[in-house]
Amino acid sequence: MIFNTFTKIIRLTPSGRGAVASILLHGSDALDILKRHWTGQELRVIDQPLFGRFRLEMIGQNEEIVVHVSSRNEIEIHSHGGEMVVSAIESTLIRDGACSVSWQEFFCAGETQRDLALRLLPFAPTEYTAQILLDQFNGALNRECAEIEKIENETVKRQRLNRLKENAETGKHLVNPFRVVLAGASNAGKSSLFNAILGFQRSIVNVIAGTTRDVVSYSTALDGFPVTFYDTAGFRETQIELEQQGIERSRQSIANADLLVWVVDLTVPETEQPVVPNIENLLLCFNKIDLTDSDNSGDWEKQTVSEKSITVSATTGQGLETLLEHIIHCLVPNPPKPLEAVPLEAAAFNETSL
Ligand SMILES: Nc1nc2c(ncn2[C@@H]2O[C@H](COP(=O)(O)OP(=O)(O)O)[C@@H](O)[C@H]2O)c(=O)[nH]1
Ligand SMILES: [Mg+2]
């Protein structure tokens, strides 16, 4: 309700340094509010800029501004780009009853699935995700909702609704990639695996433990879904501050991961390995199978929370295809079929991804 009744202030230019900042004042009181603080050319609806000064009551100063009054309800204010000036103008307008909203909130309010699908379409990273968005643009969700409404059997109805819920999760990643984090002990072979998955040497691989310190990432597609892989610093006790910072970043990456691939070196005794994180979205990856006579990963499995595990060799490539299949299966167990409804949620597509 608030959104509809108040005059809104929308920042059109991003925060940060800029010569000029632009603010949109939108709502039935826009012209009246501005008039209270304005001295300069007569404020009226006219298709040309008007020059004047904005009185910043709080700091007792006048700021030179240029405005464009498209209508009584819609005024663009252009001022000096400094954050202090923009904030002071905003605060003054807020004190007069306007409220500040983000450009996404303002421009996307009331956006339908069809509008959202169309807005996202140019950003679809693969043909498959573009096809899903096109299906939504063509009304897949409306059709599905109409069909569900007609179903009388409660169990079937619930199944169809659950499927929509499942697809809504997938819908969050039609543009924003899934985040897959490779983590584990130092020297387990995370960087080697990362490079093997991507098919080129993105991360430095070395026998010296603690080589990877920053989080290295690379985006690709798996079965048509966008996925960003993150190679992280290995977990081990260290006095080196830079490495400690790297390990802290690894922890943060794990916290934000859609899937954690925990890499274990099969040649190192289990007692010398760091504890596997107790999280749900985890895939255990036993590496260096080429160096061991027997695959003893089975013993490990019993002691971990994860049912899902895979044995590979980053060096020979053994098991890599299966690893990728496991990864995509964990992320999207049942991918949407052609023409299926995939609910889209505007909030899932933040500013950085578009
Ligand atoms: N034989 C063999 N060596 C591997 C394998 N994976 C990694 N290594 C070696 O293990 C060492 C540590 O690898 P690296 O990828 O840097 O480990 P990280 O610290 O986990 O990133 C390097 O000498 C790699 O060549 C593998 O599957 N087989
Ligand atoms: Mg590494």
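Source: prediction; values computed, not measured. (Residues numbered from 1 in each chain as written. Chains lettered and ligands numbered in written order. Predicted model: local features only at pLDDT ≥ 70, side-chain atom pairs only at ≥ 80, totals over all residues. Heavy atoms only, no water.)

Summarise the site of ligand 1; cite the residues concerned and give the values.
Near ligand 1 you find 18 residues, and of these Asn187, Gly189, Lys190, Ser192 and Asp290 are the closest. Serine 313 is positioned such that a nitrogen or oxygen atom in its side chain is 3.3 Å from an oxygen atom of ligand 1. Backbone polar atom of alanine 314 to an oxygen atom of ligand 1: 2.9 Å apart, as the coordinates give it. When ligand 1 is considered free in solution it has 570 Å² of accessible area, and contact with the protein chains removes 85% of it. Broken down by element, the residue count for the shell around ligand 1 peaks at three residues, all from helix α9 (residues 190–198). (Near = heavy atom within 4 Å. Polar contact = N/O pair within 3.5 Å; in protein donor to acceptor, adjacent residues only side chain to side chain. Areas by Shrake-Rupley, 256 points an atom, 1.4 Å probe, with all protein chains shown as cover. Helix = DSSP H or I, 4+ residues; strand = E, 2+ residues; numbered from the N terminus.)

Please provide a residue-by-residue account of the side chain of aspartate 135, values included.
Mapped onto the secondary structure, aspartate 135 falls in helix α6 (residues 127–137). It is arginine 143 that comes nearest to the buried, bridge-free aspartate 135 among opposite-charge side chains, at 6.3 Å. Beyond its immediate sequence surroundings of up to four residues, aspartate 135 is in contact with Ala140, Pro338, Leu339 and Glu340. (Buried < 20%, exposed > 50% of the residue type's maximum accessible area, 1.4 Å probe, protein only. Lys, Arg positive; Asp, Glu negative; His and termini not counted. Salt bridge = Lys/Arg side-chain N within 4 Å of Asp/Glu carboxyl O. Contact = heavy atoms within 4.5 Å.)

Go over the packing of helix α5 (residues 113–120) against α6 with me, naming the residues and quoting the values.
Interhelical geometry of α5 versus α6 gives an angle of 150 degrees and a closest axis separation of 8 Å. When the axis of α5 is compared with that of α6, the two are roughly antiparallel. Our pair here, α5 against α6, has a crossing hand that is left-handed. In this structure, α5 uses Arg114, Ala117, Leu118 and Leu120 to contact α6, whose residues at the interface are Leu133, Gln136 and Phe137. When the residues that make up the contact of α5 with α6 are grouped by side-chain class, the tally is five nonpolar, one polar and one charged. (Axes fitted to C-alpha atoms, helices over the stretch in contact; angles between N-to-C directions. Parallel < 35°, antiparallel > 145°, perpendicular 65-115°, else oblique. Left-handed = near helix turned anticlockwise from the far one by under 90°. Nonpolar A, V, L, I, M, F, W, Y, C, P; charged D, E, K, R; others polar.)

So what about the sheet that holds strand β7 (residues 99–101)? Which residues, and what values?
The strand order across the open sheet formed by seven strands is β3-β4-β5-β6-β2-β1-β7, and the pairing between neighbours is mixed. Since the sheet does not close on itself, it has two edges, and those belong to β3 (38–40) and β7, each with one partner. Averaged over all pairs of adjacent strands, the angle between their axes in this sheet comes to 35 degrees, without regard to strand direction. Looking at chain direction, strand β4 (residues 50–56) and strand β5 (residues 61–71) are connected through seven bridges and run antiparallel. Within the sheet, the bridge partner assigned to leucine 50 lies in β5 and is valine 67. (Pairing = 2+ DSSP bridges.)

Explain the environment of leucine 34 to me, using residue names and the numbers behind them.
Tracing the sequence through the fold places leucine 34 in helix α2 (residues 30–35). Exposure remark for leucine 34: the relative accessible area of 0% places this residue in the buried category. Discounting residues that sit within four places of it in the chain, leucine 34 has contacts with Leu25, Leu43, Phe54, Val67, Ile75 and Ile77.

Tell me about the nonpolar core, and name the residues and values.
With 39 residues, the main nonpolar core has Val180, Leu193, Phe229, Val261, Leu323, Ile327 and Leu331 as its most contacted residues. Counting residues per element, this core draws most heavily on helix α12 (residues 320–331), at six residues. Counting the residues that make up this core, at least three belong to each of domain 2 (113–174) and domain 3 (178–331). The residues contacting phenylalanine 229, other than those within four sequence positions of it, are Val180, Phe194, Ile197, Leu198, Val216, Ser217, Tyr218, Thr220, Leu222, Leu324 and Ile327. Ile9, Leu50, Leu93 and Ala98 belong to the second-largest nonpolar core, a separate cluster that totals 24 residues. (Core = buried A, V, L, I, M, F, W, Y, C linked by side-chain atoms within 4.5 Å. Domains from an automatic or database assignment.)

Would you mind going over the sheet that holds strand β8 (residues 178–184) in detail, with residue names and values included?
With mixed pairing, the six strands of this open sheet are ordered in space as β9-β10-β8-β11-β12-β13. With partners counted over all chains shown, the strands left at the sheet margins are β9 (216–222) and β13 (309–311), one partner each. On average, adjacent strands in this sheet sit at an angle of 25 degrees to one another, irrespective of strand direction. Alignment of β8 against strand β11 (residues 259–265), held across five bridges, turns out to be parallel. From the neighbouring strand, valine 181 faces β11, where its bridge partner is leucine 260.

Can you lay out helix α7 (residues 140–150) for me, pointing to particular residues and giving the numbers?
Of all the residues in α7, the buried ones are Ala140, Leu141, Glu144 and Ile148. Along the axis of α7, the buried residues cluster in a sector spanning 90 degrees; they form a single face. The exposed set on the far side of α7, more than 90 degrees from its buried face, consists of Asn142, Glu149 and Lys150. (Arc of directions from axis to C-beta.)

Could you give me a rundown of the packing of aromatic side chains, with the residues and numbers involved?
Applying the stated criterion across every chain, the model contains two aromatic pairs. Between tyrosine 128 and phenylalanine 225 the ring centres are 5.1 Å apart and the planes differ by 85 degrees, which places this aromatic pair in the edge-to-face class. Here tyrosine 128, found in helix α6, pairs with phenylalanine 225, found in strand β10 (residues 225–231); they are 97 residues apart in sequence, far enough to count as distant. Overall, phenylalanine 225 belongs to the buried group, its relative accessible area being 1%. (Phe/Tyr/Trp six-rings, centres within 6.5 Å; stacked < 30°, edge-to-face > 60°.)

Give a description of a nonpolar patch on the surface that names residues and reports values.
Side chains of Leu12, Trp103 and Phe107 sit close together on the surface and give an oily, nonpolar patch of about 290 Å² of accessible area. Mapped onto the secondary structure, phenylalanine 107 falls in helix α4 (residues 103–108). (Patch = residues over 30% accessible without salt bridge, like charges linked within 9 Å, V, L, I, M, F, W, Y side chains within 5 Å.)

Account for the pairing of β11, with residues named and values stated.
Here β11 lies mainly inside the structure; seven of its seven residues are buried. Burial along β11 is two-sided: Leu259, Val261, Val263 and Asp265 and Leu260, Trp262 and Val264, pointing in opposite directions, are all buried. Pairing of β11 with strand β12 (residues 282–287), which is carried by six bridges, proceeds in the parallel orientation. The partner of valine 261 across the bridge, within β12, is leucine 283.

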